[in-house]
Amino acid sequence: MDLFERYDMIGGEVHYGRMEPRYWGAVLDAARGLGARVLACYVIWDYHEVREGEYDFTQLHAFLKEVESRGLRVLARPGPYCYAEWRNLGIPDHAVPYPKHHPEFRRKASHWIAAALAELRPHLGRLVIAVQADNEIDPFPHFYGEDQGFAEWLRQRYGSIEQVNAAWGTQYRDFAEPIPTLVPFVEDQRLRDGCQYRYDLATNYARWVVAEYRRHVGDTPILLNTWPGVDAQHWRDFAELADFYGIDPYPSNECRNDFRYFRERLRLLRAVTPHPYIAEFGSGIWHGMPDREYTPDHYRLTALTALASGVQGWNWYMLADRDNWHGAPINARGVERPELGDAFRTAVGWFEKLRHAPPPATSCAVTWSWHYHQVAQIRKCDADDPLFAVLHEMGLEYDFVDVDRDFAPPPLLFVAGRIAQPERLWRYVESGGTLVLFQRLIEGCVRPDGTSHPGAAHLETSLGFVSHGPVFSYRRTPGTPITARQLPVPADDDQRRMWDQATDRTYTTGYIEQRGQGRVLVLGCAPSRAAILAIHRHFGREIPVLSLTPGVHATRRGDQIIVLNPGAAQTARLEVAGQGRCIDLPRCGGVILDV
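Quantities reported herein were computed from a predicted structural model and do not represent experimental measurements.

Draft legend 1. Representation of the overall build of the protein within the structure. The helix and strand tally for the protein stands at 18 helices and 29 strands. Taken over the C-alpha trace, the protein has a radius of gyration of 27 Å; the compact-globule value for 595 residues is 25 Å, and the two agree within 12%. Out of the 595 residues belonging to the protein, those deemed buried represent 58%. Considering only contacts in the protein between residues 6 or more positions apart, those separated by 24 or more positions represent 71%. If you sum the accessible surface of the protein, you get close to 23,800 Å²; carbon and sulfur atoms cover 49% of it. With 65 positive and 75 negative side-chain charges, the protein shows a spacing of 3 Å between the two charge centroids.

Here you go:
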């Protein structure tokens, strides 16, 4: 996108409506000193509205003049919603009674959008380089109720109540009777429809608000953003509606509780947009957020992690303190916190070094289903498939593939999570792809005839690795069998003779089957580091850079290798193109190496 080519899309949020105007200049000078190039700022409906339909934009113009005088650029965020930074989440009292889909809310919001963008129009494409339509769009069922037009949504989806009954196993008489299912007490078609209904509510509003903006901003890029911690939005929908798209991660301090979650969400961001952007990158702490007293090491780790994931720009949120926000790198009077300033400047230096680097190089991809994601997110077990834990411990860079839509075929694709509609995966195989499954099969795979005993371990497979844990057992397979032979089991003298009886017992745990131009590998054992490396060797897939130290992550972008260390300082070993390298890593941080 031209936006990312023309501008260094790195900066932070400055909330002029919550700052004393006499400190604006000092805050902006400090922001430049940290290396910020683009400042985001809300233009808040409730702040500028004098009375319904009448506005005072004096403060906005005064602030923009200060910004322009310092050569900075602006990403404007006129809502209508801004959320936690203002009363009523940024909307005036007269708009509160109406949900986002109500015609009266849209009438009021349309008037506000037109007024705000009219004030910004003289600056578009020059000072204001992009605008954000609304904020983290959510239909708010907790405020406005679960049923926001559910009957009509069902009618459009199914056509007749008889089709609903057939899909749900119910006996409703008309569309007025069904109630949305938004919590996975029972995972059935009703729940899947409830998840899609909530996604569609958010997408419908996003479509409307982007269209409203487009009427006034012409070709100025429009941003949509979402917060990864909720289950309200389908990222791909938003990415396709807007000119660019970003997420709002707020990881815990030094990512002690959620480094894996943070890494996976950045990979998902890369999967849905060619220009990954972090619209709100946790900086400082809102009074309602626990464990966000960020250290300098935190900023170094998270910034380098974003760059390792291919992120092309970000907006630190917030860059300066205000009434209910503290711990940012600049205080409310425009004074830089010296313990944080160097960390931010280091992050900007890394950004400039990697700005033109290609996306992360990968050797494989993993399936992702947004329908499964929403259910898992509600359950707070978003990646319960053990494959994710293994890949994370390996520090292996991989891509995500959205299997709910058509996708560009990767050469090697692992199946993880639940796949409700596997047809695209089989088309991928037929067209020449290689699909790998461990113990979570999809419809169309041959099911095992049985299993080993629960305590199986020390099983040497025909792919050249040792597996631990129970495995599938087949009598017959549709392709080349994969076997697992029981190795001797360490045992005390009183049981050694008994365990000797099991030595050399062999299970047919899976198979490799040719389908069309491609292959499917059903392994039938639990995922492990050894298994993933063996699969890469078997299919001739070279890993661009491999960490040989558990917990250390390594990514290659062009001629640069980014090494991440979320733990204590240590010396790590890497393998690059078959050659070993040792590197000293600081605690909770990382380094950039030349290949």
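Draft legend 2. Fine view of the packing of aromatic side chains. Counted by the stated rule, this structure contains 46 aromatic pairs. Between phenylalanine 4 and tyrosine 277, the aromatic rings sit 6.2 Å apart at their centres with planes inclined by 75°, giving edge-to-face as the arrangement. Highlighted residues: phenylalanine 4 in helix H1 (residues 2-6) and tyrosine 277 in strand S9 (residues 277-282), separated in sequence by 273 residues. Of the two residues, phenylalanine 4 and tyrosine 277, neither departs from the other in class, the shared state being buried. One aromatic cluster is present, built from ring pairs that chain together Trp45, Tyr55, Phe57, Tyr81, Tyr83, Phe105, Trp112, Phe140, Phe143, Tyr144, Tyr205 and Trp208. The ring centre of tyrosine 205 lies 5.3 Å from the NZ or CZ of lysine 100, which sits over that ring. The aromatic ring of tryptophan 426 is capped on one face by arginine 515, whose charged end is 4.0 Å from the ring centroid.

Draft legend 3. Spotlight on the packing of helix H7 (residues 150-158) against helix H8 (residues 161-168). Viewed as axis vectors pointing N to C, H7 and H8 meet at an angle of 85°, and their least axial separation amounts to 9 Å. The orientation of H7 relative to H8 falls into the category roughly perpendicular. Contact with H7, carried on its side by Phe150, Leu154 and Tyr158, involves Gln163, Val164, Ala167 and Trp168 of H8 and no other residues of that element. Counted by class, the contact of H7 with H8 contains six nonpolar, one polar and no charged residues.

Draft legend 4. Focus on the pairing of strand S8 (residues 244-247). Alternating positions in S8 separate into two faces, Phe244 and Gly246 on one and Tyr245 and Ile247 on the other, with burial throughout. As paired elements, strand S7 (residues 222-226) and S8 share four bridges and run parallel to each other. The residue bridging threonine 226 from the neighbouring strand is isoleucine 247, located in S8. Regarding the hand of the β-α-β motif, the stretch spanning S7, helix H10 (residues 235-241) and S8 is right-handed.

Draft legend 5. Representation of the state of the cysteines within the structure. Inspection of every chain in the model, using the stated rule, returns zero disulfides. Of all cysteine sulfurs, the one in cysteine 255 lies closest to cysteine 588, which takes part in no disulfide; the gap is 6.9 Å. Judged by relative accessible area, which is 1%, cysteine 588 ranks as buried.

Draft legend 6. Geometry of the layout of surface pockets. As a volume, the largest pocket reaches approximately 840 Å³. Lining the largest pocket are 38 residues, and of these Glu136, Trp227, Gly229, Val230 and Tyr250 lie nearest its centre. Where the lining of the largest pocket is concerned, the elements lending two or more residues are helix H6 (141-144), helix H11 (259-272) and helix H14 (370-379). Ranked by residue count, the leading element in the lining of the largest pocket is H11, at three residues. In terms of residue class, the lining of the largest pocket is built from 21 nonpolar, six polar and eleven charged. As a volume, the second largest pocket reaches approximately 410 Å³. If you trace the second largest pocket, you find 29 residues lining it, with Arg270, Ala271, Asp399, Phe400 and Ala408 closest to the centre. Contributing elements (two or more residues each) for the lining of the second largest pocket: H11 and strand S14 (399-402). Ranked by the residues each element gives to the lining of the second largest pocket, the list is headed by S14, at four residues. Of the residues assigned to the lining of the second largest pocket, the class counts are 16 nonpolar, five polar and eight charged.

Draft legend 7. A look at the pattern of salt bridges. One pass over the structure, following the stated rule, counts 49 salt bridges. With its nearest N and O atoms 3.0 Å apart, the salt bridge here joins aspartate 231 to arginine 198. Taken together, the residues span a long stretch of sequence, with aspartate 231 in the loop between S7 and H10 and arginine 198 in helix H9 (residues 189-217) at a distance of 33 residues. Of the two residues, aspartate 231 and arginine 198, both sit in the buried class. Ionic contacts of the salt-bridge type, sharing partners, join the residues Glu254, Arg256, Asp297, Arg300 and Arg587 into one network.

Draft legend 8. Structural detail: the nonpolar core. Formed by 143 residues in total, the largest nonpolar core has its most connected members in Trp314, Trp316, Phe414 and Leu523. Sorting elements by how many residues they give to this core places H9 first, with nine residues. Every residue in contact with tryptophan 314, bar those within four places of it in the chain, is listed here: Met9, Ile10, Gly11, Tyr277, Ile278, Phe281, Ala303, Ala306, Leu307, Ala347 and Phe351. Within the second largest apolar cluster, 21 residues are counted, among which are Ala365, Val415, Tyr428 and Val522.

Draft legend 9. The arrangement of H11 in detail. Over its 14 residues, H11 extends 21 Å from the first C-alpha to the last, a length consistent with the 20 Å expected when each residue adds 1.5 Å. With eleven of 14 residues buried, H11 is to be regarded as a mostly interior element. Along H11, the residues that are buried comprise Phe259, Phe262, Arg263, Glu264, Arg265, Leu266, Arg267, Leu268, Leu269, Arg270 and Val272.

Draft legend 10. Spatial organisation of the sheet that holds strand S28 (residues 579-585). In spatial order, the strands read S24-S27-S28; together these three strands make up an open sheet with antiparallel pairing. Two strands lie at the open edges of the sheet, namely strand S24 (546-547) and S28, each paired on one side alone. Across seven bridges, strand S27 (residues 570-576) lies against S28 in antiparallel orientation. When the bridges of S28 are listed, leucine 574 appears paired with arginine 581.

Draft legend 11. Inspection of the pairing of strand S21 (residues 480-486) at higher detail. Sheet topology places strand S18 (residues 459-461) next to S21; three bridges connect them, and they run antiparallel. Following the sheet pairing, leucine 459 is matched in S21 by glutamine 486. Note that S21 and strand S22 (residues 506-515) share six bridges and pair antiparallel. Across the sheet, alanine 484 pairs through a bridge with tyrosine 507, a residue of S22.

Draft legend 12. Quick peek at the sheet that holds strand S29 (residues 589-594). Read from one edge to the other, the open sheet built from three strands follows the order S25-S26-S29, with strand pairing classed as antiparallel. Taken across any chain shown, the strands that pair with only one partner, and hence form the sheet edges, are strand S25 (553-557) and S29. Neighbouring strand axes in the sheet, compared pairwise and without regard to direction, differ in orientation by 20° on average. As paired strands, S25 and strand S26 (residues 560-565) are joined by five bridges and run antiparallel to one another. If you follow arginine 556 over to S26, its bridge partner there is isoleucine 561.

Cut-offs applied
Residues numbered from 1 in each chain as written. Predicted model: local features only at pLDDT ≥ 70, side-chain atom pairs only at ≥ 80, totals over all residues. Heavy atoms only, no water. Helix = DSSP H or I, 4+ residues; strand = E, 2+ residues; numbered from the N terminus. Rg over C-alpha atoms; globule rule 2.2 N^0.38 Å. Buried < 20%, exposed > 50% of the residue type's maximum accessible area, 1.4 Å probe, protein only. Contact = heavy atoms within 4.5 Å. Areas by Shrake-Rupley, 256 points an atom, 1.4 Å probe, with all protein chains shown as cover. Lys, Arg positive; Asp, Glu negative; His and termini not counted. Charge placed at Lys NZ, Arg CZ, Asp CG, Glu CD. Phe/Tyr/Trp six-rings, centres within 6.5 Å; stacked < 30°, edge-to-face > 60°. Lys NZ or Arg CZ within 6 Å of the ring centre and 35° of its normal. Axes fitted to C-alpha atoms, helices over the stretch in contact; angles between N-to-C directions. Parallel < 35°, antiparallel > 145°, perpendicular 65-115°, else oblique. Nonpolar A, V, L, I, M, F, W, Y, C, P; charged D, E, K, R; others polar. Pairing = 2+ DSSP bridges. Right-handed = clockwise from strand over helix to strand, strands pointing away. Disulfide = S-S within 2.5 Å. 1 Å grid on protein atoms, 1.4 Å probe; cavity = no way out; pocket = protein on both sides within 12 Å on 5 of 7 lines; lining within 4 Å. Points joined across faces, edges and corners; volume = space filled by probe spheres on them. Salt bridge = Lys/Arg side-chain N within 4 Å of Asp/Glu carboxyl O. Core = buried A, V, L, I, M, F, W, Y, C linked by side-chain atoms within 4.5 Å. Expected span 1.5 Å × (residues − 1).

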